[in-house]
Amino acid sequence: MIISQEDKDESVKIIQLIKKVDNIDEVYVNSESEIISQKQPFLISLLLGYRFDLKENELEEIMKIIFIIWEYFKSFEQILKIKVSEKQFEKIQQRNINMLKYFEGENGQNSQYNLVESDLRHLHSKALLTGIFFQFNHKKSLVEMNNEEKGIILIGMKSLIECFDEINAKN
C-alpha cells in the first residue's frame, strides 16, 4: 500500500487529536455531546449501544475514540449538514463483516495482504483508523478487552469512519 504525503501529514493531526482527547474534561464532554446530538446524533446512539456490553473503563475509552473521530470530521462542512444514518452505518458495517469473513477464508499471507490493501485503498482517513488501532494497542482497558468485543468495536469504528468519508465525498 502506498502511503502518501497527505497520509503522513494526517498522522500528525491524529496524534494531536489523540493528545487533546486524552485530556478532555467534563465541560468538553458536555458541550461537544450537545453539538454531536444536534449534528450527528447517531454517534450518541452508537456509544449508548455499547454501554451494556462494556465495562466502565472500556466505555470511557470508546467514548474518547468517538470524540477523536468527531474532532477529525467536525470541520468538514458536509459532516455538519448530512447526518450518518443507522441504515448507512449498518450497510457499511455489513460490508466490513463480509470482508472479514472473506479474509478469514483466504489462504496465504499474500492473498490476505492484497485483500486488506484493496479494502483500505478507498479509505480516505487511513491515518485516523491507524490512530484508533494505536489506541486499542496502547490503552490498558482496550488491550485487556476480549478479542471478540475488540473486533466488533473496531469494525464499528472503521464503519463509522467510512460513513463520514462517504458523506464527505458528496461534497
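See the structure printed just above.
Note that the coordinates shown come from a computational prediction; the quantities given were computed from them, not determined experimentally.

Undergrad: Could you give me a rundown of the packing of helix α1 (residues 5–22) against helix α8 (residues 126–138), with the residues and numbers involved?
TA: Two elements in contact, α1 and α8, have axes whose closest approach is 8 Å; the angle formed by their N-to-C orientations is 45 degrees. Judged by the angle between their axes, α1 and α8 are oblique. The crossing of α1 and α8 is right-handed. Residue-level contacts link Asp7, Glu10, Ser11, Ile14, Ile18 and Asp22 of α1 to Lys126, Ala127, Leu128, Gly131 and Gln135 of α8. When the residues that make up the contact of α1 with α8 are grouped by side-chain class, the tally is four nonpolar, three polar and four charged.

Undergrad: Could you give an account of the packing of aromatic side chains, naming the residues involved and the relevant values?
TA: For the coordinates displayed, the defined rule picks out six aromatic pairs. With centroids separated by 6.2 Å and ring planes inclined at 50 degrees, the aromatic side chains of Tyr72 and Phe76 adopt a geometry described as tilted. A residue is classified by how much of its surface remains accessible, and Tyr72, at 5% relative accessible area, is buried.

Undergrad: Quick rundown of the packing of helix α2 (residues 26–39) against helix α3 (residues 41–50)? Include the residues and the values.
TA: When two helices pack together, their arrangement is given by the angle between the helix axes and by the axis-to-axis distance. It is the contact of α2 with α3, at a shortest axis distance of 5 Å, that shows an interaxial angle of 110 degrees. Relative to α3, α2 is oriented roughly perpendicular. Within the contact between the two elements, α2 uses Ser33, Ile36, Ser37, Gln38 and Lys39 and α3 uses Pro41, Leu43 and Ile44. Taken together, the residues of the contact of α2 with α3 break down into four nonpolar, three polar and one charged.

Undergrad: Can you tell me about the side chain of Glu58, naming the residues and giving the values?
TA: Mapping Glu58 onto the fold places it in helix α4 (residues 56–73). Despite its burial, Glu58 remains without a salt bridge, the nearest opposite charge being carried by Lys55 at 4.2 Å. A distance of 2.9 Å separates the side chain of Glu58 from the backbone nitrogen of Lys55, its partner in a polar contact. Apart from residues lying up to four places away in sequence, Glu58 is in contact with Ser141, Leu142, Met145 and Glu149.

Undergrad: Describe the environment of Glu77, naming the residues involved and giving the relevant values.
TA: Summarising the element assignment, Glu77 is placed in helix α5 (residues 77–81). Considering only alpha carbons, one finds Glu77 and Ile167, 90 residues apart in sequence, at a separation of 9.9 Å.

Undergrad: Outline the nonpolar core, listing residues and values.
TA: With 44 residues, the main nonpolar core has Ile62, Ile69, Leu128, Ile132, Phe136 and Met157 as its most contacted residues. Mapped by element, the contributors of at least two residues to this core are α1, α2, α3, α4, α6 (86–105), α8 and α10 (147–169). The element best represented in this core is α4, accounting for ten residues.

Undergrad: I'd like a rundown of α4, residues and numbers included.
TA: For α4, with 18 residues, the first-to-last C-alpha span of 26 Å sits near the 26 Å given by 1.5 Å per residue. Taking burial as the measure, the 18 residues of α4 include 14 buried ones, the bulk of the element.

Undergrad: Report on the environment of Ile153, specifying residues and quantitative values.
TA: By the element assignment, Ile153 lies in helix α10. On the basis of relative accessibility, which here comes to 2%, the residue Ile153 falls in the buried class. For the pair Ile153 and Tyr50, spaced 103 residues apart in the sequence, the C-alpha separation amounts to 8.6 Å.

Thresholds, definitions, all that
Residues numbered from 1 in each chain as written. Predicted model: local features only at pLDDT ≥ 70, side-chain atom pairs only at ≥ 80, totals over all residues. Heavy atoms only, no water. Axes fitted to C-alpha atoms, helices over the stretch in contact; angles between N-to-C directions. Helix = DSSP H or I, 4+ residues; strand = E, 2+ residues; numbered from the N terminus. Parallel < 35°, antiparallel > 145°, perpendicular 65-115°, else oblique. Left-handed = near helix turned anticlockwise from the far one by under 90°. Contact = heavy atoms within 4.5 Å. Nonpolar A, V, L, I, M, F, W, Y, C, P; charged D, E, K, R; others polar. Phe/Tyr/Trp six-rings, centres within 6.5 Å; stacked < 30°, edge-to-face > 60°. Buried < 20%, exposed > 50% of the residue type's maximum accessible area, 1.4 Å probe, protein only. Lys, Arg positive; Asp, Glu negative; His and termini not counted. Salt bridge = Lys/Arg side-chain N within 4 Å of Asp/Glu carboxyl O. Polar contact = N/O pair within 3.5 Å; in protein donor to acceptor, adjacent residues only side chain to side chain. Core = buried A, V, L, I, M, F, W, Y, C linked by side-chain atoms within 4.5 Å. Expected span 1.5 Å × (residues − 1).

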